[in-house]
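Chain and residue survey
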Amino acid sequence: RRELQEKLAKDGAEALLEALRAVDPESAARLHLRDEKRIVRALEVYYETGETIGAHDRKSREIPPRYDAAYIGVAFRDREHMKERIDRRVDAMVAQGLLQEVETLLQSGLPRGATALQAIGYKQFLSVYRGDTPVSEAVAEVKLRSRQYAKRQLTWLRRNPAIHWIYWEKDRDFARALQISTEILTASGLG
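These numbers come from a predicted model, not from an experiment.

Glancing now at the side chain of Lys-143. By the element assignment, Lys-143 lies in helix α9 (residues 135-157). Only 2.9 Å separates the side chain of Lys-143 from the side chain of Asp-91, close enough to count as a polar contact.

This is the structure we're talking about:
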């Protein structure tokens, strides 16, 4: 991993993508030059296993699960309630010092390009710290990106037909969720 990161820093993503084309043309054709993490990961898998990442992923999916699991998902019934909750959470993060947290991380020596500073919230407030973006715009962007991320998570989770969904109304009801979860686990023979 370290060698690939050093090669990326020294020679750039194009060199790594070219190396990937030589061993895994299918993955290389799918990946964009800016998707450095996936390029590095595909090369790592190839160098570690001798297989393309596609072949490795297919083999991994064929392995039966080690455990009999029950999947339980919790979501708001009305997406607007989820959006309101996310917006309130972002407002609370800002009020609790998100900008100061970004400043502290930078002052502690964390590089501005660090992966941690690319996370939702940190990335936008790094722009505020640099003076490129007003706080109000950053807050709006964090809310938007957080809602988009939550939507992608739900979309991904809903592809699993084994998930038992518990739906919340406007307010979260943990006692009800616990009761329903217990019933699901008991009915599955896991409780």
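That was the structure; now back to the text.
Two numbers describe a pair of aromatic rings. These are the distance of the centres and the angle of the planes. By the definition in use, this model includes four aromatic pairs. Measuring from ring centre to ring centre gives 6.0 Å for Tyr-46 and Tyr-47, while their planes differ by 65°; the resulting arrangement is edge-to-face. On the basis of relative accessible area, Tyr-47 is assigned to the partly exposed category, the value being 49%. The structure contains a cluster of three or more aromatic residues connected by ring pairs, namely Phe-76, Trp-168 and Phe-174. If you follow Arg-158 out to its NZ or CZ, it ends over the ring of Trp-165, 5.4 Å from the centre.

On to the packing of helix α2 (residues 13-23) against helix α4 (residues 36-49), then. Relative orientation of the contacting elements α2 and α4 amounts to 40°, with a least axis distance of 10 Å. Taken together, α2 and α4 sit at an angle that is classed as oblique. Like other packed secondary-structure pairs, α2 and α4 cross with a definite hand, here left-handed. Touching Ala-13, Leu-16, Leu-17, Ala-19, Leu-20 and Val-23 of α2 are Glu-36, Ile-39, Val-40, Ala-42, Leu-43, Tyr-46 and Tyr-47, all from α4. For the contact of α2 with α4, the class distribution of residues is twelve nonpolar, no polar and one charged.

Now for the environment of Gly-131. Along the chain, Gly-131 falls in the loop between α8 (122-130) and α9. Note on Gly-131: relative accessible area 60%, which makes it exposed. Distance from Gly-131 to Thr-115, taken between C-alpha atoms, is 20 Å for residues 16 residues apart in sequence.

Turning to the nonpolar core, a few remarks are in order. Counting residues in each nonpolar core, the largest one holds 20 residues, and the members touching the most others are Met-82, Ile-86, Val-90, Val-102, Leu-106, Phe-125 and Leu-126. Mapped onto this core, the elements with two or more residues apiece are β1 (71-76), α6 (79-95), α7 (98-107), α8, α9 and β2 (163-168). Here this core takes five residues from α9, the largest share from any one element. Setting aside residues up to four positions removed in sequence, Leu-126 forms contacts with Val-102, Leu-106, Arg-112 and Leu-117. Counting residues in hydrophobic clusters, the runner-up holds 14 residues, among them Leu-17, Leu-31, Val-40 and Ile-53.

Moving on, we come to the packing of helix α1 (residues 2-11) against α2. One can describe the packing of α1 onto α2 by two numbers: an axis separation of 6 Å at closest approach and a directional angle of 125°. One way to sum up the angle between α1 and α2 is to call them oblique. Here α1 contributes Leu-4, Lys-7, Leu-8 and Asp-11 to the contact with α2, which in turn contributes Ala-13, Ala-15 and Leu-16. For the contact of α1 with α2, the per-class residue count stands at five nonpolar, no polar and two charged.

This paragraph deals with α4. Across its 14 residues, α4 extends 20 Å between first and last C-alpha, which sits within 8% of the 20 Å expected from 1.5 Å per residue. Here α4 has its buried residues at Ile-39, Val-40, Ala-42, Leu-43, Glu-44 and Val-45. Elements that come into contact with the buried residues of α4 comprise α1, α2 and α5 (53-62).

Rules used in this analysis
- Residues numbered from 1 in each chain as written.
- Predicted model: local features only at pLDDT ≥ 70, side-chain atom pairs only at ≥ 80, totals over all residues.
- Heavy atoms only, no water.
- Helix = DSSP H or I, 4+ residues; strand = E, 2+ residues; numbered from the N terminus.
- Polar contact = N/O pair within 3.5 Å; in protein donor to acceptor, adjacent residues only side chain to side chain.
- Phe/Tyr/Trp six-rings, centres within 6.5 Å; stacked < 30°, edge-to-face > 60°.
- Buried < 20%, exposed > 50% of the residue type's maximum accessible area, 1.4 Å probe, protein only.
- Lys NZ or Arg CZ within 6 Å of the ring centre and 35° of its normal.
- Axes fitted to C-alpha atoms, helices over the stretch in contact; angles between N-to-C directions.
- Parallel < 35°, antiparallel > 145°, perpendicular 65-115°, else oblique.
- Left-handed = near helix turned anticlockwise from the far one by under 90°.
- Contact = heavy atoms within 4.5 Å.
- Nonpolar A, V, L, I, M, F, W, Y, C, P; charged D, E, K, R; others polar.
- Core = buried A, V, L, I, M, F, W, Y, C linked by side-chain atoms within 4.5 Å.
- Expected span 1.5 Å × (residues − 1).

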